[in-house]
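Notes for the structure review
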Amino acid sequence: MSDYMIRGTAANEFIRAFAVCSKGVAEEARKRHNLSPVAAAALGRTMSAALMMGADMKNDSDVLTIQFVCDGPIGGITVTADSGGHVKGFAENPGVMLPPNAYGKLDVGGAVGNGILHVMRDIGLKEPYAGEVNIQSGEIAQDLTYYFAVSEQIPSVVALGVLMDRETAKVREAGGYIIQLMPGCPDDIAAELEKACVSAPPVTTMLAEGGTPESILTDLLGGMGFRVREQMPVAFKCDCSRERVTKALVAMGPGQLKELIAEGKPVTLNCHFCNTDYTFDTDMLKAILERASKKK
Ligand SMILES: [Zn+2]
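Residues numbered from 1 in each chain as written. Predicted model: local features only at pLDDT ≥ 70, side-chain atom pairs only at ≥ 80, totals over all residues.

This part covers the sheet that holds strand β6 (residues 115–122). Ordered in space as β7-β6-β3-β4-β5-β11, the six strands form an open sheet in which the pairing is mixed. Among the strands making up the open sheet, the edge pair consists of β7 (129–134) and β11 (235–236). Docked against the sheet, helix α2 (residues 37–54) engages β3 (63–70), β4 (77–82) and β5 (86–91), running at close to 30 degrees with respect to β4. Helix α4 (residues 141–151) rests against β6 and β7 of the sheet, and its axis sits at about 120 degrees to β7. (Pairing = 2+ DSSP bridges. Helix = DSSP H or I, 4+ residues; strand = E, 2+ residues; numbered from the N terminus. Contact = placed C-beta atoms within 7 Å. Axes fitted to C-alpha atoms, helices over the stretch in contact; angles between N-to-C directions.)

The following block contains the structure:
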């Protein structure tokens, strides 16, 4: 199953819902960053959420960023998504290893620890819309549920999961859903949703049993008139390029470039989001210096 996401509504639009299967996205991130199992789970969960939250923005140029600034051994997580199903991200310490938690699961909460969860939406206004809350458990989904409740006053159910293959250490399943109650939602609908979500199996179980975004949301909301409104492919995608990195070097200015050239060694710049290296030898740096000098 290729990665994709759906959004839909239920209960006469008092409920809106998103679901994503993102195994390819999570596995691509694991490969690019050489993520440990617990880091792959933490980043995969965050990327699934960012894809769904990003799809809630209107314009192609809108950017959503989720950042965990935390004191746990993972050191921090940064993920950005656009409104069209593209996501990229990284963990500060991709190799973090921890023993399983008390339930025998990957200890994402232990890897994240305490700190602040930031959510930013750059939707072309002068200032990006930004909210932040204290990290609750570090398990990602609980933290985002808390963020929606406190910072955006939207009662939400967030479920995110990444299942790692113990033998191959690759991603076996990844995905999640976000269900939100709109203002004025009657109490009986809220109660019915709560009942459905409490009895639902973990999202990785649903995916491992062949569940799709449609079947997952139908299981949860089918009794409330769930309808799919939109379907969209999703992918890990970084917008870095040699030309972009070159522009960043040009922007350093002739002074710093001359210093780099004087060192006589190639310079390598790394894109944190996709872990691509861009190397510039001395001749390339001289050409960039020429570009930078012309700018003045
Ligand atoms: Zn990149």
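Time to look at helix α7 (residues 213–221). The set of residues buried in α7 consists of Pro-213, Ile-216, Leu-217, Leu-220 and Leu-221. Mapping the buried residues of α7 onto a view down its axis gives an arc of 105 degrees, with all of them on the same face. (Buried ≥ 20, exposed ≤ 12 C-beta atoms within 10 Å, placed from the backbone. Arc of directions from axis to C-beta.)

Moving on, we get to the nonpolar core. Met-5, Ala-39, Ala-42, Ala-50, Leu-51 and Tyr-177 are the most contacted members of the largest nonpolar core, which has 76 residues in total. The element contributing the most residues to this core is α2, with twelve residues. With residues near it in sequence (within four places) discarded, Leu-51 still touches Met-5, Val-20, Ser-22, Ala-81, Gly-85, Val-87 and Val-234. One finds Leu-249, Leu-257, Ile-288 and Leu-289 within the second-largest nonpolar core, a separate group that totals six residues. (Core = buried A, V, L, I, M, F, W, Y, C linked by C-beta atoms within 7 Å.)

A word on the sheet that holds strand β2 (residues 15–21). With antiparallel pairing, the five strands of this open sheet are ordered in space as β8-β9-β2-β1-β10. Across the chains shown, the open sheet's two edge strands, defined by having one partner strand only, are β8 (156–164) and β10 (227–233). Between one strand axis and the next, the sheet turns by 10 degrees as a mean value, whatever way the strands run. Relative to strand β9 (residues 171–181), β2 runs antiparallel, the two sharing seven bridges.

Here the focus is the domain arrangement of the chain. Domains assigned within the chain are domain 1 (4–236) and domain 2 (242–295). A straight line from the C-alpha centre of domain 1 to that of domain 2 covers 37 Å. Contributions of two or more residues to the side of domain 1 that touches domain 2 are made by α1 (23–33) and β5. Each residue belonging to the side of domain 1 that touches domain 2 can be placed in one class, and the counts come to one nonpolar, two polar and two charged. (Domains from an automatic or database assignment. Nonpolar A, V, L, I, M, F, W, Y, C, P; charged D, E, K, R; others polar.)

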